[in-house]
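The residues making up each chain are set out below.
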Amino acid sequence: MLAAALAALLVAGAAGCGADPSESDGKVTLTLAYPSDPNAQAKLDTLVREYQKSNPDVSVEYVFIPFTSWSDYITKVKTMVAADNAPDLLRLAVEGIRQFVDDDLAMPFDDYAAQHGEYVTSLGLDQVHPKIQAPFTIDGKTYGYAFDWNNVVMHVNTALFKEAGVAMPTKDWTKDDFLNAARMLTKTVNGQQQYGFMVPNDYFLTTGFLYSNNASVLNDDMTKATINQPNAVDVVEFMHDLVHTYKVSPVPGPNVDAGRLFMAGKLAMYPAGRWPVAGYAQNNFTTFDVQYLPKFQTQTVAFGTGAFPVLKTSKHPQEAQRFAMWLSASEYAQKTFLATDSIPSRRDVMAAVTTVSPPANGAIFPDSADTAKAIQAPAQYTDVSTIVVKALSEVYSNQKTAQEALDQAAKDIDRALGD
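Residue numbers run consecutively from 1 along every chain, following the written order of its sequence. Local features in a predicted model are, by the rule used here, given only for residues with pLDDT of at least 70; side-chain atom pairs are given and counted only at 80 or more, and totals for whole chains, interfaces and linings are based on all residues. To get the side-chain values, take all heavy atoms of the structure and skip hydrogens and water.

### Some remarks on the packing of helix H3 (residues 70-82) against helix H4 (residues 94-102)
As a reminder of what qualifies: Note on geometry: axes are lines fitted to C-alpha atoms, helical ones only across the stretch in contact, with angles between N-to-C directions running from 0 to 180 degrees. Labels follow the DSSP assignment, with helices taken as runs of H or I lasting at least four residues and strands as runs of E lasting at least two, numbered in each case from the N terminus. Each crossing gets its handedness from the near helix: less than a right angle anticlockwise from the far helix is left-handed, clockwise is right-handed. Contacts between residues were defined by any pair of non-hydrogen atoms, one from each residue, lying within 4.5 Å.
Running from N to C, H3 and H4 cross one another at 35°; their axes reach a closest spacing of 9 Å. Along this stretch, H3 crosses H4, giving a crossing that reads as right-handed. In this structure, H3 contributes Trp-70, Ile-74, Val-77 and Lys-78 to the contact, and H4 contributes Glu-95, Gly-96, Gln-99 and Phe-100.

### As for the pattern of salt bridges
Let me state the cut-off plainly: Salt bridges are defined by distance alone: a side-chain nitrogen of Lys or Arg within 4 Å of a carboxyl oxygen of Asp or Glu. Burial here depends on accessible area, computed with a 1.4 Å probe over protein chains only, as a share of the maximum for the residue type. Under 20% is buried, over 50% is exposed, and the range in between is partly exposed.
One pass over the full model with this rule turns up 13 salt bridges. Of the charged contacts in the structure, one is a salt bridge between Asp-348 and Arg-346, with a shortest N-O distance of 2.8 Å. Owing to a relative accessible area of 5%, Arg-346 belongs among the buried residues under this scheme. Linked by salt bridges that have partners in common, Lys-390, Glu-394 and Lys-400 make up one network.

### What to know about the packing of aromatic side chains
Remark: the centre distance and the inter-plane angle together describe each pair of aromatic rings, the angle taken between the planes. We count it as follows: Each pair of aromatic rings taken from Phe, Tyr and Trp, with Trp reduced to its six-membered ring, is defined by centres within 6.5 Å and is described as stacked if the planes are under 30 degrees apart, edge-to-face if over 60, and tilted in the remaining cases. In this scheme, the term charge over a ring applies when either NZ of a lysine or CZ of an arginine sits within 6 Å of the ring centre and within 35 degrees of the ring normal.
This structure, assessed with the given rule, holds 26 aromatic pairs. A ring pair is formed by Phe-209 and Phe-296, whose centres lie 6.2 Å apart and whose planes are at 70°; its orientation type is edge-to-face. With Phe-209 in helix H10 (residues 203-211) and Phe-296 in the loop between strand S13 (288-291) and strand S14 (302-307), this pair connects stretches of sequence that are 87 residues apart. Counting every residue linked through ring pairs, the aromatic cluster contains Trp-173, Phe-178, Phe-197, Phe-209, Phe-238 and Phe-296. Taking the ring centre of Phe-308 as reference, the NZ or CZ of Arg-91 above it sits at 5.5 Å. Here the guanidinium or amino end of Arg-322 rests over the ring plane of Tyr-119, the centre of that ring lying 3.8 Å away.

### Regarding the packing of helix H11 (residues 230-244) against helix H18 (residues 381-396)
Applied cut-off: For classification purposes, angles smaller than 35 degrees are called roughly parallel, those larger than 145 roughly antiparallel, those between 65 and 115 roughly perpendicular, and all remaining angles oblique. Any residue that is not Ala, Val, Leu, Ile, Met, Phe, Trp, Tyr, Cys, Pro, Asp, Glu, Lys or Arg is counted as polar, Gly included; the first ten are nonpolar and the last four charged.
Where H11 contacts H18, the two axes come as close as 9 Å, and the packing angle between them is 40°. In terms of their interaxial angle, H11 and H18 are classed as oblique. Every pair of crossing elements has a handedness; the one defined by H11 and H18 is right-handed. Residues Val-236, Met-239, His-240 and His-244 of H11 lie in contact with H18, whose contacting residues are Leu-392, Val-395 and Tyr-396. Each residue belonging to the contact of H11 with H18 can be placed in one class, and the counts come to 5 nonpolar, 2 polar and no charged.

### Considering the nonpolar core
Going by this rule: We call a set of buried Ala, Val, Leu, Ile, Met, Phe, Trp, Tyr and Cys residues a nonpolar core when their side-chain atoms join them within 4.5 Å.
Counting 59 residues, the largest nonpolar core has Met-154, Phe-197, Val-217, Leu-242, Met-269 and Ile-413 as its most contacted members. Looking at this core, the elements with two or more residues in it are strand S9 (153-157), helix H8 (158-164), helix H9 (175-184), H10, H11, H18 and helix H19 (402-418). If near-sequence neighbours (up to four positions away) are discounted, Leu-242 is found in contact with Phe-178, Leu-179, Phe-197, Val-199, Lys-247, Val-248 and Ser-249. Counting 51 residues, the second largest nonpolar core, distinct from the first, contains Tyr-62, Leu-125, Val-301 and Met-325.

### Brief notes about the pairing of strand S12 (residues 269-272)
As a reminder, the rule being used: Criterion used throughout: strands pair if DSSP finds at least two bridges between them.
Of the two faces of S12, the one carrying Met-269 and Pro-271 and the one carrying Tyr-270 and Ala-272 are both buried. Where S9 lies against S12, 4 bridges are found, and the strand directions are antiparallel. Residue His-155 lies in a different strand from S12, and its bridge partner there is Tyr-270.

### Some points on H10
Because each turn of an α-helix spans 3.6 residues, side chains separated by three or four positions end up pointing in the same direction. So the rule is basically this: Whenever two N or O atoms come within 3.5 Å, that pair is a polar contact, provided that in protein one can donate a hydrogen and the other can accept it, and provided that, for residues adjacent in sequence, both atoms are side-chain atoms.
Burial runs high along H10: 9 of the 9 residues are buried. You can read the cap of H10 off the contacts: a side-chain oxygen lies 3.5 Å from the backbone nitrogen of Phe-204, and it is on Asp-202.

### A look at the sheet that holds S12
Read across the sheet, 3 strands follow the order S12-S9-S13 without closing on themselves; strand pairing throughout is antiparallel. At either margin of the open sheet sits one strand with a lone partner, and together these are S12 and S13. Each neighbouring strand pair of the sheet contributes to a mean axis angle of 30°, computed without reference to strand direction.

### Focus: H19
Applicable threshold: Expected helix span is computed as 1.5 Å times (number of residues minus one). In this description, one arc is meant: the one made by directions from the helix axis to the C-beta atoms.
With 17 residues, H19 ought to run about 24 Å at 1.5 Å a step, and its terminal C-alpha atoms sit 24 Å apart, in line with that. Residues Ala-402, Ala-405, Leu-406, Ala-409, Ala-410, Ile-413, Ala-416 and Leu-417 constitute the buried set of H19. Projected down its long axis, H19 carries its buried residues within an arc of 140°, all on one side. Opposite the buried face of H19, by more than 90 degrees, sit the exposed residues Lys-411 and Gly-418. Contact partners of the buried residues in H19: H11 and H18.

### With respect to the side chain of Lys-76
Relative to the helices and strands, Lys-76 resides in helix H3. Using a relative accessible area of 14% as the deciding quantity, one classes Lys-76 as buried. Here the side chain of Lys-76 touches Asp-72 through a polar contact of 2.9 Å, side chain to side chain.

### Describing the environment of Val-63
Position of Val-63 among the secondary structure elements: in strand S3 (residues 58-65). For Val-63 and Asn-151, which are 88 residues apart along the polypeptide, the C-alpha to C-alpha distance reads 27 Å.

Written out as structure tokens, the structure is:
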């Protein structure tokens, strides 16, 4: 049923995309799976039209998959594969690439790149930042080229800071500076509750705070859970206290939209990447800035990255890889698609895109590329992230202490990694 429903979501991507499935006219139709986004089709249409100028025999159809999390998205794509209805290529983040490689679903690009060196050079693939690219290079093989990335930073409502007379955070602000600001910015205004901060309860954003305290979900080679170690427990206990002791954050949950509260003037700070900037622009919201997360023990910046892997089941692997490389690395694709979205992966495009409009401190998006640390995403990411989110929810809803929840999470994660 799921596969049939997803297949029904196919949408023609550009002029000529409704090619005869038999392809007897010599044209190739590629299918691209992409997370649902109200603006995705228009942006993809623009890219496909540009690509077809030099590749007129290639048309593209899209499968827009309803998106709630990368774990859910990955599961849906794998359901399509199991139903023999797989796309040729797909939008995928670091959260899923090892799982696709481990399941022998992703196709390496190395042979195609070696055979088409001139094309690689013309695209500017050498401009893709090596650290941002690294998560897609597994066991010496390349399973996609990084298109975009996001780091975990603090979004700050500058109007609320100004109204409360609170100084804007600086790059070297500390955990105590952050807590003091959050407390000063939490108050009732005209009968409406205003919060200083929104505690994250997802895997990606929580990792940002763990890294800031020299902690992580897993050990360095991602073979064992470390989320119940003291530094990690300290972070989760602090987040619990922000909700229940200091009362500067609402209880996080699926129905609490930090971005909407932020734009409505009911939230002063929350962690995110660059992706909310598109929503700010659509709503003409300009009273915001960004800053690094506060320093706990360090300020190691967490990041995630995305690419367009090609599945081994593709009937047109060369055409799919050529298109995927263009989508990922062409200057046109990065500047057109990422104007108000994530951070481009190309070193020569990052600053040009991220510093031409609000936020004023937008340089911190590209500036952390050299030192940022990728989030941990083992092949069992879907299970691991689900376990972590469950544990966080138990803590923030006062069902368990941080130590209790994270001890159980560590056991469950180790079991998942062993499986």
